[in-house]
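# Structure at a glance
One letter stands for each residue in the lines below.
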Amino acid sequence: MAWGQGARKPLFGLLLRAQQQAARGYSSAFQTRVLGTHVPQNDIFPRRFSSQASSSEQMNLIKQLRERTSAPIKDVKASLVNCNWDIEAAQKDLRKRGVVLASKKSSRTAAEGLLAIAQDEKKAAVIELNCETDFVARNDVFQYLASSVAKMALSAQGPAELFLPFGPDYLENMSINLDHPKLSGETTVQNAVTEVAAMVGENVKLRRGFMLSTTAHGAVSSYLHTCPQPGLGRIAGLVTLEAEDSSALLDALKTVGASIAMHIVATKPLFLSKELVSAAALENEREILRTQAESSGKSQMAMDKMVEGRLRKYFEEVVLMEQKYILNDSKNVKTVLSDLSKEVGSKVTIGNFIRMQVGEGIERPEAAEGSEPVARAA
């Protein structure tokens, strides 16, 4: 019995020490699990916020950040979650991530968008700003940028040419001063385009532009079709009218010029006069007409007359001066200019003209669309 009681003491001590070590081990493991760096922060703190704030408060933060940035809702929410619902930090994070995403989207097709026109008494500038969807083209920030770039192009000191086509590289590095609740401050055109792309979540591109100027005594007129607001549209017509006599009143030139600009949008002329039709275009049309005439089985003399008659019809379709005037089809544009010359007491001529359409010549993923060439006078 004595031996049994003495043996229980060491055994009891061993069991006690084992329990203490197990407790210490569990505590250590618990601390490691709670405080260790292997636990993802995003897996804990957003949940903790969610338990402390109501869903209405979260929705209010999402709405505020969305109004500040115009970014897609899913990106707004992701930035807020990542930043513990700190709206200032989330806005900064959103801009950083947006610029990166914008660069990744730069290869996607952008065939929608708007044309923007800015003009004064002697000069006009038109630019094309593209995006991926018509929805973004209706965005207030996108429209503001398009208008601002057109105004900047008008004020740029470029080559003194009456007709100047330019690509995006002509404007991209120029400084532009913006004043919009969501887009403000001085930056470059390229940075402004990238920032708007980050806001709207689409590929945004400045594609091209044109500038038209008049001689000493003339007027620039323009017309925009599908116009969401003044100076913006999807199809543009611009024309310059010039009077030989410097005393001729320009108001009449501006009025008729505006109607001719609308005519250009509607009829898509390719050349100003018959003399300016390119030799290649003329020969190509003659070849088509000869082939059509030969199938008639008539004599050579009759076929020659058929070709010449149809060639006159071709000129009426593609030459601005020969086209029937859309406001009065009993006249052609040549007659309209003749009547205007009599009205102002001086010969009036067309200097240059342009027709532009959003996305023309861009091959869309779903189907290849033909180009509608820009028209101009020599």
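Reference entry: report on the structure contained in this document. Since this is a predicted model, take the numbers as computed values, not measurements.

What follows concerns the overall build of the protein chain. A count of helical and extended segments in the protein chain gives 12 helices and 12 strands. Taken over 378 residues, the protein chain has a buried fraction of 41%. In the structure as shown, the protein chain presents an accessible area of about 21000 Å², 53% of it carried by carbon and sulfur atoms.

I127, L129, F142, V149, L171 and V204 are the most contacted members of the largest nonpolar core, which totals 35 residues. At the level of elements, β1 (112-119), β2 (123-131), α6 (134-137), α7 (140-155), β3 (163-166), β4 (175-180), α8 (189-200) and β6 (205-213) are the ones that each hand at least two residues to this core. Residue contributions to this core peak at nine residues, all from α7. Dropping the residues within four chain positions of it, V149 is found in contact with I127, L171, I176, V189 and L206. Judged by nonpolar contacts, the second largest core, of 24 residues, contains L253, M321, L340 and V344.

Following the sequence through the fold, L206 ends up in strand β6. For L206, a relative accessible area of 8% corresponds to the buried category. Distance from L206 to N130, taken between C-alpha atoms, is 6.3 Å for residues 76 residues apart in sequence. Apart from residues lying up to four places away in sequence, L206 is in contact with I127, E128, L129, V149, P168, L171, V189 and V193.

Our focus in this paragraph is the sheet that holds strand β9 (residues 235-243). In spatial order, the strands read β7-β9-β12; together these three strands make up an open sheet with antiparallel pairing. The outermost strands of the open sheet, each flanked by one partner alone, are β7 (218-225) and β12 (348-357). The average undirected angle you get between the axes of adjacent strands in this sheet is 15 degrees. Alignment of β9 against β12, held across eight bridges, turns out to be antiparallel. Among the inter-strand pairings, L238 is bridged to a residue of β12, identified as I354. Sheet contacts for helix α9 (residues 250-267): β7, β9 and β12; angle to β9, the most-contacted strand, approximately 145 degrees. Against the sheet, helix α12 (residues 333-344) engages β9 and β12, with an angle of about 135 degrees to β12.

This next bit is on the side chain of E360. Mapped onto the secondary structure, E360 falls in the segment after β12. Since its relative accessible area comes to 7%, E360 is described here as buried. A polar side-chain atom of E360 sits 3.3 Å from the main-chain amide nitrogen of Q357.

On to the side chain of E285, then. Relative to the elements of secondary structure, E285 occurs in helix α10 (residues 279-294). For the buried E285, no salt bridge exists, and the shortest N-O distance to an oppositely charged side chain is 8.9 Å, to R310. Non-local contacts of E285, meaning those with residues more than four positions away in its chain, are made with L311 and Y314.

Attention now moves to the pairing of β2. Counting buried positions along β2 gives eight out of nine residues, so the element sits mostly inside the fold. The sheet contact formed by β1 and β2 spans eight bridges and is antiparallel. By the bridge assignment, Q119 is partnered in β2 with A124. With antiparallel pairing between neighbouring strands as the criterion, β1 and β2 make up a hairpin whose turn holds three residues. Where β2 and β6 come together, eight bridges link them in antiparallel fashion. Note that in β6 the partner of K123 across the bridge is S213.

Below, the discussion takes up α8. Along an α-helix, residues three or four apart share an orientation, since each turn contains 3.6 residues. Its 12 residues place the ends of α8 17 Å apart at the C-alpha level, agreeing with the 16 Å of an ideal helix rising 1.5 Å per residue. All of the buried residues in α8 are V189, A192, V193, V196, A197, A198, M199 and V200. Downstream of α8 by a residue or two, G201 has a phi angle that is positive, lying close to 75 degrees.

About the cut-offs
Within each chain, residues carry numbers counting from 1 in the order of the written sequence. Whole-chain, interface and lining totals are the exception, using all residues; otherwise, since this is a predicted model, local features are given only for residues with pLDDT of at least 70 and side-chain atom pairs are given and counted only at 80 or more. Calculated side-chain values reflect all of the structure's heavy atoms, with hydrogen atoms and water omitted. The helix count covers DSSP runs of H or I at least four residues long, the strand count covers runs of E at least two residues long, and both are numbered beginning at the N terminus. Note on exposure labels: buried denotes an accessible area under 20% of the residue type's maximum, exposed denotes more than 50%, and partly exposed covers the range between, all computed with a 1.4 Å probe on protein chains only. Per-residue and other accessible areas follow the Shrake-Rupley method at a 1.4 Å probe size, with only the shown protein chains counted as cover for residues. Nonpolar cores were defined as sets of buried Ala, Val, Leu, Ile, Met, Phe, Trp, Tyr and Cys residues, with membership established by side-chain atoms within 4.5 Å. Residue contacts are counted whenever heavy atoms from the two residues lie within 4.5 Å of one another. Strand pairing requires that DSSP identify at least two bridges connecting the strands. Geometry is summarised by axes, namely lines fitted to C-alpha atoms with helices restricted to the contacting stretch, and by angles between N-to-C directions that run from 0 to 180 degrees. We define a polar contact as two N or O atoms separated by no more than 3.5 Å, with the added condition that, inside protein, one atom must be a possible hydrogen donor and the other a possible acceptor, whereas residues neighbouring each other in sequence contribute only through side-chain atom pairs. Charge assignment in this entry is limited to Lys and Arg as positive and Asp and Glu as negative, and neither His nor the chain termini are counted. By definition here, a salt bridge exists when the distance from a side-chain nitrogen of Lys or Arg to a carboxyl oxygen of Asp or Glu is within 4 Å. By this rule the span expected of a helix is its residue count minus one, scaled by 1.5 Å.

Shape descriptors only; they carry no functional weight alone.
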